[in-house]
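As a plain string of letters, each chain reads:
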Amino acid sequence: MNDGVRTSLNGSDGRAAGGEPLIALAQLADGGFAEVEATLDGDAESLLLYRDGEAVRAWLNICPHAGRRLDWAPGQFLKSKDGLLVCAAHGASFELAGGECVAGPCRGEALRAVAVDVRDGGVWLA
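Now for a description of the structure that goes with this document. Fair warning: this is a prediction, and the values are worked out from it, not measured in the lab.

### Side note on the overall build of the chain
So, step 1. When helices and strands are counted, the chain shows zero helices and eleven strands.
So, step 2. Going through the 126 residues of the chain one by one, you find that 43% of them count as buried.
So, step 3. Element-wise, carbon and sulfur atoms account for 47% of the exposed surface of the chain, whose accessible area totals about 6100 Å².

### Notes on the state of the cysteines
So, step 1. Considering all chains together, one arrives at zero disulfides under this definition.
So, step 2. The closest cysteine sulfur to the non-disulfide-bonded Cys 87 is located on Cys 63, 3.8 Å from its own sulfur.
So, step 3. Look at Cys 87 and you get buried, because its relative accessible area is 2%.
So, step 4. Left unpaired, Cys 106 is separated from the closest cysteine sulfur, that of Cys 101, by 3.1 Å.

### What to know about the pattern of salt bridges
So, step 1. Taken as a whole, this structure holds five salt bridges when the rule is applied.
So, step 2. Among the ionic pairs, Asp 117 bridges to Arg 119, the shortest N-O distance being 3.8 Å.
So, step 3. Owing to a relative accessible area of 34%, Asp 117 belongs among the partly exposed residues under this scheme.
So, step 4. One network of salt bridges, in which partners are shared, links Glu 35, Arg 69 and Asp 71.

### Some points on the packing of aromatic side chains
So, step 1. If you walk through the whole model with that rule in mind, you get two aromatic pairs.
So, step 2. Ring centres of Phe 33 and Phe 77 lie 5.6 Å apart, and the angle between their planes is 45°; this geometry places the pair in the tilted category. With Phe 33 in strand β3 (residues 33–40) and Phe 77 in the loop between β5 (55–60) and β6 (78–79), the pair connects residues that are 44 residues apart, well separated along the chain.
So, step 3. Taken together, the aromatic side chains of Phe 33, Tyr 50 and Phe 77 make up a single cluster linked through ring pairs.

### What to know about the sheet that holds strand β10 (residues 116–119)
So, step 1. Strand order in this open sheet of three strands is β2-β11-β10, and the pairing throughout is antiparallel. One side of each edge strand has no neighbouring strand; the edge strands of this open sheet are β2 (23–24) and β10.
So, step 2. By the bridge criterion, four bridges tie β10 to strand β11 (residues 122–125) in an arrangement that is antiparallel. Its bridge partner lying in β11, Val 116 is registered against Leu 125.

### Some points on the nonpolar core
So, step 1. Core analysis: the biggest nonpolar cluster contains 17 residues, and Leu 47, Leu 49, Val 123 and Leu 125 have the highest contact counts within it.
So, step 2. Sorting the residues of this core by element identifies β3, β4 (43–52), β5 and β11 as the ones contributing at least two each.
So, step 3. No other element matches β3, which puts four residues into this core.
So, step 4. When near neighbours in sequence (up to four residues on either side) are disregarded, Leu 47 contacts Ala 34, Glu 35, Val 36, Ala 38, Leu 40, Trp 59, Leu 60, Asn 61, Val 114 and Leu 125.

### Considerations on the pairing of β4
So, step 1. As defined by bridge partners, β3 adjoins β4 across eight bridges and the pair is classed as antiparallel. Pairing of Glu 37 across the sheet is with Ser 46, part of β4.
So, step 2. Between β3 and β4, which pair antiparallel in sequence order, lie two residues; one of them, Asp 41, sits at a positive phi of approximately 50°.
So, step 3. With six bridges connecting them, β4 and β5 associate as antiparallel partners. Its bridge partner lying in β5, Leu 49 is registered against Ala 58.
So, step 4. Count of turn residues in the β4/β5 antiparallel hairpin: two residues, of which Gly 53 carries a positive phi of about 70°.

Scoring rules and cut-offs
Residues numbered from 1 in each chain as written. Predicted model: local features only at pLDDT ≥ 70, side-chain atom pairs only at ≥ 80, totals over all residues. Heavy atoms only, no water. Helix = DSSP H or I, 4+ residues; strand = E, 2+ residues; numbered from the N terminus. Buried < 20%, exposed > 50% of the residue type's maximum accessible area, 1.4 Å probe, protein only. Areas by Shrake-Rupley, 256 points an atom, 1.4 Å probe, with all protein chains shown as cover. Disulfide = S-S within 2.5 Å. Salt bridge = Lys/Arg side-chain N within 4 Å of Asp/Glu carboxyl O. Phe/Tyr/Trp six-rings, centres within 6.5 Å; stacked < 30°, edge-to-face > 60°. Pairing = 2+ DSSP bridges. Core = buried A, V, L, I, M, F, W, Y, C linked by side-chain atoms within 4.5 Å. Contact = heavy atoms within 4.5 Å.

Coordinates in, geometry out; function isn't part of it.
Following this line, the structure appears as structure tokens:
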């Protein structure tokens, strides 16, 4: 289990209405997850963020197996003892370097990556 962070809707330019990042880097623990909402191509989307040191990776918060959210509750994600992200709905397991499913019903598929940048102490859509 992981204590996640959830933030609110952001503008299509990667900033909230007040010119804020998706999330402050300090709010995201190293090795931790967060769920944020952002507008991508005009649609509001739930994103999963994962911090690895000073780098952050982002994916749509959708399992490729059945199109369901990966979190078991908003902003709450499961991480295995082996360091894999586990889909709460069907148990698919994803490696965190590239989002590839390595076990479960969608083996060989991958999460849909979303480009983000870390700058000025925050995480921004790229």
